[in-house]
Amino acid sequence: MLKLMNLSTYNYDVERFDCNKNNIINFLRKHKMNGIELLHPIGLDENIIPYNLVKGVHLKYYPTWLDFWNNNTQELLKQFKSLDVVEKYYGGTNREIMIEHYKKEIKMADKIGAEYAVLHVAHVQEKHVFNYDFTYTDEEIIDAASDLINEVFKGIDTNIKLLFENEWWPGFTMLSYENAYRLLDKVNYSNKGFVLDTSHLMNTNLHLKSEKQGIEYIIDTVKNLGELKKLIKGIHLNCSLSGEYVMEKINSTRGSDFTLPPVSEEMYMHVFNIDSHKPFTDTCVKRLLDFVKPEYLVYELVGNSIGELEKYIETQDAACLL
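Bear in mind the structure is a predicted one, so any value in this text is a computation, not a measurement. (Residues numbered from 1 in each chain as written. Predicted model: local features only at pLDDT ≥ 70, side-chain atom pairs only at ≥ 80, totals over all residues. Heavy atoms only, no water.)

Caption draft 1: Quick peek at the overall build of the chain. Helix and strand counts for the chain come out as 15 helices and eight strands. Its C-alpha radius of gyration of 19 Å places the chain within 12% of the 20 Å reference for a compact globule of 322 residues. With the C-alpha coordinates aligned to their principal axes, the bounding extent of the chain is approximately 50 × 45 × 40 Å. Taking all 322 residues of the chain together, 56% fall into the buried category. The contacts of the chain with a sequence gap of at least 6 include a subset with a gap of at least 24, amounting to 81%. Carbon and sulfur atoms make up 48% of the accessible area of the chain, which totals about 14500 Å². (Helix = DSSP H or I, 4+ residues; strand = E, 2+ residues; numbered from the N terminus. Rg over C-alpha atoms; globule rule 2.2 N^0.38 Å. Buried < 20%, exposed > 50% of the residue type's maximum accessible area, 1.4 Å probe, protein only. Contact = heavy atoms within 4.5 Å. Areas by Shrake-Rupley, 256 points an atom, 1.4 Å probe, with all protein chains shown as cover.)

Caption draft 2: Structural context of empty space enclosed by the protein. Enumeration according to the criterion identifies three cavities of 30 Å³ or more in this entry. Roughly 90 Å³ of volume is contained in the largest cavity. Lining the largest cavity are Tyr61, Tyr62, Trp65, Met98, Tyr102, Leu119, His120, Val121, Ala122, Ala145, Leu148 and Ile149. Looking at the lining of the largest cavity, the elements with two or more residues in it are α6 (96-112), β4 (116-120) and α8 (138-153). Sort the elements by how many residues they give to the lining of the largest cavity and α8 lands first, with three residues. Of the volumes computed, that of the second largest cavity is approximately 50 Å³. As for the second largest cavity, its lining consists of Leu59, Tyr102, Leu119, Leu148, Ile149, Val152, Phe153 and Leu162. Considering every element that reaches the lining of the second largest cavity, the biggest residue donor is α8, with four residues. Grouping the constituent residues of the lining of the second largest cavity by class yields eight nonpolar, no polar and no charged. (1 Å grid on protein atoms, 1.4 Å probe; cavity = no way out; pocket = protein on both sides within 12 Å on 5 of 7 lines; lining within 4 Å. Points joined across faces, edges and corners; volume = space filled by probe spheres on them. Nonpolar A, V, L, I, M, F, W, Y, C, P; charged D, E, K, R; others polar.)

Caption draft 3: Representation of the nonpolar core in the model. With 90 residues, the main nonpolar core has Ile24, Ile49, Trp65, Tyr90, Phe164, Phe194 and Leu196 as its most contacted residues. In terms of residues, this core owes the most to one element, α8, which gives eight residues. Residues in contact with Leu196, not counting those within four places in the same chain, are Asn166, Met174, Leu201, Ile218, Val222, Ile232, Gly234, Ile235, His236, Leu288 and Val292. (Core = buried A, V, L, I, M, F, W, Y, C linked by side-chain atoms within 4.5 Å.)

Caption draft 4: Up close: the packing of aromatic side chains. Evaluation of the coordinates by the stated rule reveals 17 aromatic pairs. Note on Tyr62 and Tyr90: the rings are 5.9 Å apart at their centroids and 25° apart in plane angle, and the pair reads as stacked. Of this pair, Tyr62 sits in the loop between β3 (54-58) and α3 (66-69) while Tyr90 sits in helix α5 (residues 83-90); the two residues are 28 residues apart in sequence, bridging distant segments of the chain. Considering the side-chain rings of Tyr132 and Phe134, the 5.3 Å spacing of their centres and the 40° angle between planes classify their relative orientation as tilted. Exposure remark for Tyr132: the relative accessible area of 13% places this residue in the buried category. (Phe/Tyr/Trp six-rings, centres within 6.5 Å; stacked < 30°, edge-to-face > 60°.)

Caption draft 5: Highlighting the side chain of Glu300. Structurally, Glu300 is set in the loop between β8 (296-299) and α15 (306-320). In contact with Glu300, not counting residues within four places along its chain, are Asn6, Glu37, His58, Glu165, Asp197, His236, Leu237, Asn238 and His277.

Caption draft 6: Region of the structure containing the sheet that holds strand β7 (residues 232-237). Taken in spatial order, the eight strands line up as β1-β2-β3-β4-β5-β6-β7-β8 and close into a barrel, and their pairing is parallel. On average, each strand axis in the sheet is inclined to that of its neighbour by 30°, with strand direction left out of account. Summarising the sheet, strand β5 (residues 161-165) and strand β6 (residues 192-197) pair through four bridges and their orientation is parallel. By the bridge assignment for β6, Glu165 is matched with Val195. (Pairing = 2+ DSSP bridges. Axes fitted to C-alpha atoms, helices over the stretch in contact; angles between N-to-C directions.)

Caption draft 7: Quick peek at the packing of α8 against helix α9 (residues 177-186). Two numbers describe how α8 lies on α9: the axes approach to 9 Å, and their chain directions differ by 20°. As summarised for this structure, α8 and α9 are arranged roughly parallel, according to the angle between their axes. The chirality of how α8 crosses α9 is right-handed. Where α8 abuts α9, its residues Asp138, Glu139, Ile142, Asp143, Ser146 and Asn150 lie against Asn179, Arg182, Leu183 and Lys186. Of the residues assigned to the contact of α8 with α9, the class counts are two nonpolar, three polar and five charged. (Parallel < 35°, antiparallel > 145°, perpendicular 65-115°, else oblique. Left-handed = near helix turned anticlockwise from the far one by under 90°.)

Caption draft 8: Seen up close, the pattern of salt bridges. If you walk through the whole model with that rule in mind, you get 12 salt bridges. For Arg182, the salt bridge identified is with Asp143, shortest N-O distance 2.9 Å. One end of the pair, Arg182, is in helix α9; the other, Asp143, is in helix α8, and 39 residues separate them in sequence. The exposure class of Asp143 is partly exposed, given its relative accessible area of 23%. Put simply, Asp290 and Lys286 hold a salt bridge, and the shortest N to O gap is 2.8 Å. One end of the pair is Asp290 and the other is Lys286, both in helix α14 (residues 285-292) and four residues apart, which spans about a single turn. One network of salt bridges, with partners in common, ties together Asp143, Arg182 and Lys186. (Salt bridge = Lys/Arg side-chain N within 4 Å of Asp/Glu carboxyl O.)

The structure is reproduced here in structure tokens:
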């Protein structure tokens, strides 16, 4: 099992390490990490993050993308207010921009020598982040995502592991064997599997009150996947018990006519309050690791400083008995 940490090529991440590869290498060594799962690989500077540290890449996630993919201009204008904002959000005006972006990321992942690439299969509109009054079904999102992925892998010479990460928004949630199988069946690429994000799965149950309850819930959910369990190649390990907060927001916003500026800071902060990337503190989490036996264990933690991040890693190490 490779123990990894999440890192991006964005300034707010690399500047914490003074854009110095030796600081990153020493940090990984200090915390007995085998490498990095890298977000935004296209921005990689090997003088800051050496290629050999990157074991996996996290592909770009467009939280709201299905109406763009379907060329539903009317629905896009309801959400983004203007086509200029739409173009800025997606980087273009048609679905080819998404296909080409993912092709570039996959090719970069191959160039780096990454073993796997992670992709979210989900869709949520900004208002629905608050009121959970979702528009599309899991099946509709899985089918559209499969079409996108099949276009991305056309003509690419690669054998990288493609791992689908569960979300708590509609799409691939890991709650249904049938939909997990549906996703695998519709994607025309052979080297594929799953990443289990523990917080995302805990976020699908708003009644969890403790880490022990959360671990029991996760293990039961994975058991329901039957033989597909063996395709869980990685775990994004962090803890979320935000159900009470979410229910309060749902109750205060559902049925009300509220407006938000497109791609608002309020929305991002709300999502972070749901999914704050904090560590597990209870040794019950070791049961999950022993049950799944992942190839990749990613400490997907977010601290306000290097010092706080170190405390989170040490806390989760103690819980995992590592």
